[in-house]
Structure formats: C-alpha cells, structure tokens
Amino acid sequence: MPHAILVDLTECVGCGACTTACQQVHQFPEVENPTMDAQNFTTLRAIETEDGEVYARQMCQHCQDPACASACLVGALEKTRDGAVTWAANKCIGCRYCMVACPFDIPKYEWASNNPKVRKCTMCYMERQLTTDLKVDAEGYVLDRSGERYDIDGHNVKAEDRDMIIELTTNADGKRASACSVACPMNSTMFGDRAALIGEAQRRIKDNPDTYVQKIYGLKEVGGTSVFYLSSVPFEDLGFYTNVGTENLPDHTWRVLEKIPDIVVTAGVALGAVYWITNRREEVRKFEQDVKNQRSQKKA
Ligand code: SF4
Ligand code: SF4
Ligand code: SF4
C-alpha cells in the first residue's frame, strides 16, 4: 500500500512540533525555526496574509517518478513501493547531481562533514520498519531480519535508541507513521494510504469551497507526488514552486541537464575531484551558487 503525507496548512498553528520531531528521530541537534539543510529535512515559514499569518511547511515531495533518483549515478535514491523516496548512505558519493535535478530544491549537502554526502527527508522509511522483536547483538546493536546491523541513514541503531525511534513513529492508534505527522498536535500533517489521503483532500475542498483554494498541491506537479498540501492562500503566495509543470520527472531531469551542459560537465569533473581528491568545499559552494543563479534566471 503506497503511503503519502497530507499537510492541511489551514490547520497548522506553526508550533514547530514537526520540525523538532524530525530532528529528534534523526538525533540531530534541536534548532528552532530551522532552514532546510543536511540536519533539517523539514521547515516552516510564517507568511503574512490579509487573513493573518499562514505557516508554510516544506519537505521532500516524494515524487512518483523522482528526478533525484533518475539523476543519481550510483542508485543511492530510490522510489519504494511504500511511496517514500529513500536514500542509501552506503551508496551516496556526494556528487550532487540530485541537487541539480530536484525541481523543489530539496536535497542538501553536508557542509560540515569530512565525508560529505547529500541528505533529504526519507519519509521516515527505515524508522517505520523498526520493531521491538528484532534481535540485538552482543555489542547492543539491533539486527535486521538478515542478521546485519539495522542501518538508518548510515548509522547502526543501538537497542537503547530503538524505543525512542519507535515511539516517535507510532500514532496514537498504534500505526506506524512519519515522526512529523505523529508529533503534529493539530493533525495538520497526516500520514496514511495515498489514495485515502487524496480522497480526504478532495472531500475537504468540496465541502469547504470558501476555505480552500481549489488545488491539491503535489497531486499533479511533476507527474504526481506523495506529499500533498491544502491551503487557504494561493500556493504561489506561499513561495511554493508552482512552475514545475505536470510532466514526469525523469523527462524533466534530462531536459534540464541538456539545457545546462556547462554546469553538468563542469560539475561532473569538479565534484568528482572534490569528493575523491580534495576537500574543496569553497568550489562546491560556488557550484551551488551557480546552480541557484541559473534557477533564478530561469524563473525570471
Ligand atoms: S522532491 Fe526532489 S528530492 Fe524529493 S523525491 Fe522529488 S526530486 Fe527527489
Ligand atoms: S517524514 Fe520523517 S524525515 Fe521527512 S520531514 Fe517528516 S519526520 Fe522528517
Ligand atoms: S506540528 Fe502541525 S501544527 Fe505544528 S507546525 Fe507542524 S504542521 Fe503545523
């Protein structure tokens, strides 16, 4: 059963429980009002509107046909049958092709690491598979069904952390869910069956035509995604990427890559060198700025 996330922004009170839960489940430092980076996979922006403040959550869209995965040379990103687009730490080489390909500007680089990779939200995929019946080895690490140490994003899970991760990813009704949805006190962020959540979003819009703009963001964007938003304010006013089209992403990816051969070719050589030979973060930073400039020019 494919899963998805529905965020009803009309219910969001901007409490930040979702951003904190995401930091906690990954054991990242807790930061208030984070910006999207390699240790913060979801953000909240407060936006003034005529009707008061609205909070815009952002996270990976978990695209149905993800451009990040099609651009990844080593298969580190994968669309699963679960709906989540997962990331494999043991495969990622930090080349950053996924960052160029993603039309939502989601994957982020680990600037502070000596072995930098690119990180993003995984819809808590591995966290949701963790269960209490898994065995633990003599050194206190949880083992998966094949007897290997249970790995979440490149970290072996210790038995002492298992209960915390399970608690953060279990709903009040005992079902497993993303940590951000479990933490949301307003049920603004909902996790569940993709088809059921689309139905719920359609019902809300139909029953409350004066409350919502007539659009489920994420339903058609880039051929469809697994993260949907409802809003009372046009999505362009919230800074959402509304010009990404409705084509599926691999097509988009290759067209984007064709249009910027200078960047891609330079990146292929330069970033390979960055990863394999030196630690020239400033050159990588410049590359990121070049890509951002390219995107701004395209938007303008
Ligand atoms: S939003 Fe970007 S990072 Fe997330 S699945 Fe889609 S292409 Fe990949
Ligand atoms: S689904 Fe998990 S990884 Fe993604 S934003 Fe929510 S808590 Fe973070
Ligand atoms: S936890 Fe829910 S209500 Fe609080 S900021 Fe996140 S989405 Fe909004």
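Basis of the calculations
Residues numbered from 1 in each chain as written. Chains lettered and ligands numbered in written order. Predicted model: local features only at pLDDT ≥ 70, side-chain atom pairs only at ≥ 80, totals over all residues. Heavy atoms only, no water. Salt bridge = Lys/Arg side-chain N within 4 Å of Asp/Glu carboxyl O. Buried < 20%, exposed > 50% of the residue type's maximum accessible area, 1.4 Å probe, protein only. Helix = DSSP H or I, 4+ residues; strand = E, 2+ residues; numbered from the N terminus. Phe/Tyr/Trp six-rings, centres within 6.5 Å; stacked < 30°, edge-to-face > 60°. Lys NZ or Arg CZ within 6 Å of the ring centre and 35° of its normal. Expected span 1.5 Å × (residues − 1). Contact = heavy atoms within 4.5 Å. Pairing = 2+ DSSP bridges. Near = heavy atom within 4 Å. Nonpolar A, V, L, I, M, F, W, Y, C, P; charged D, E, K, R; others polar. Axes fitted to C-alpha atoms, helices over the stretch in contact; angles between N-to-C directions.

Trainee: Help me understand the pattern of salt bridges in this model?
Mentor: Oppositely charged side chains may form a pair once their charged atoms are brought near each other. Evaluation of the coordinates by the stated rule reveals 12 salt bridges. In this structure, Asp105 and Lys108 form a salt bridge, with 3.2 Å as the shortest nitrogen-oxygen distance. Judged by relative accessible area, Asp105 falls into the partly exposed class, the value being 23%. Measuring nitrogen to oxygen at the nearest pair gives 3.2 Å for the salt bridge that ties Glu139 to Arg149. You can see Glu139 sitting in the loop between α4 (125-129) and β8 (151-152) and its partner Arg149 sitting in the loop between α4 and β8, a full 10 residues away along the chain. Overall, Arg149 belongs to the partly exposed group, its relative accessible area being 29%. Linked by salt bridges that have partners in common, Asp8, Glu200, Arg203, Arg204 and Asp207 make up one network.

Trainee: Could you clarify how one ought to interpret the packing of aromatic side chains in this entry?
Mentor: Each pair of aromatic rings is reported with the distance of its centres and the angle of its planes. Applying the stated criterion across every chain, the model contains 7 aromatic pairs. Arranged with centres 5.5 Å apart and planes meeting at 90°, the rings of Phe28 and Phe41 form a pair that is edge-to-face. Here Phe41 lies in the loop between α1 (17-25) and β2 (43-49) and Phe28 lies in the loop between α1 and β2, a separation of 13 residues in the sequence. Taken individually, Phe28 and Phe41 each receive the classification buried, so the pair is uniform in this respect. For the ring pair Tyr217 and Tyr229, a centre distance of 6.1 Å and an interplane angle of 65° mean the geometry is edge-to-face. One end of the pair, Tyr217, is in the loop between α7 (194-207) and β11 (227-230); the other, Tyr229, is in strand β11, with 12 residues separating them in the sequence. Just as Tyr217 is buried, Tyr229 falls in that class too. The rings of Tyr217, Tyr229, Phe235 and Phe240 are connected pair by pair, giving a single aromatic cluster. Here Arg96 stacks its cationic end above the ring of Tyr109, 4.5 Å away from the centre of that ring.

Trainee: Help me understand α7 in this model?
Mentor: Residues that lie three or four places apart on an α-helix share one face, since the helix turns once every 3.6 residues. Relative to the 20 Å expected for 14 residues at 1.5 Å per residue, α7 spans 20 Å between its end C-alpha atoms, a close match to the ideal helical length. Against β1 (3-8), β10 (189-193) and β11 lie the buried residues of α7.

Trainee: For this particular structure, what's the right way to read the pairing of β10?
Mentor: Counting buried positions along β10 gives 4 out of 5 residues, so the element sits mostly inside the fold. For β1 and β10, the ladder comprises 5 bridges, and the chain directions are antiparallel. Paired with His3 across the strands is Asp193, a residue of β10.

Trainee: Please clarify how the site of ligand 1 should be interpreted in this entry.
Mentor: Neighbouring ligand 1 are 13 residues; Cys60, Gln61, Cys63, Cys68 and Cys102 lie closest to it. For the shell around ligand 1, a count of residues per class yields 10 nonpolar, 2 polar and 1 charged.

Trainee: Got a minute to help me understand the sheet that holds β10 in this structure?
Mentor: Backbone hydrogen bonds hold the strands of a sheet together, and the pairing may be parallel or antiparallel. The 3 strands are arranged β10-β1-β11 in an open sheet whose pairing can be described as mixed. Each edge of the sheet is formed by a strand with only one pairing partner; in this case those strands are β10 and β11. Put simply, the sheet's adjacent strands are angled 25° from each other on average, direction ignored.

Trainee: Explain α1 here, please?
Mentor: Along α1, the positions that sit buried rather than exposed are Cys18, Thr19, Ala21, Cys22, Gln23 and Val25. The inward-facing, buried residues of α1 abut β2, β3 (52-58), α4, α5 (159-168) and α6 (179-183). Taken from the residues just after α1, Gln27 is the one with a positive phi, measuring 55°.

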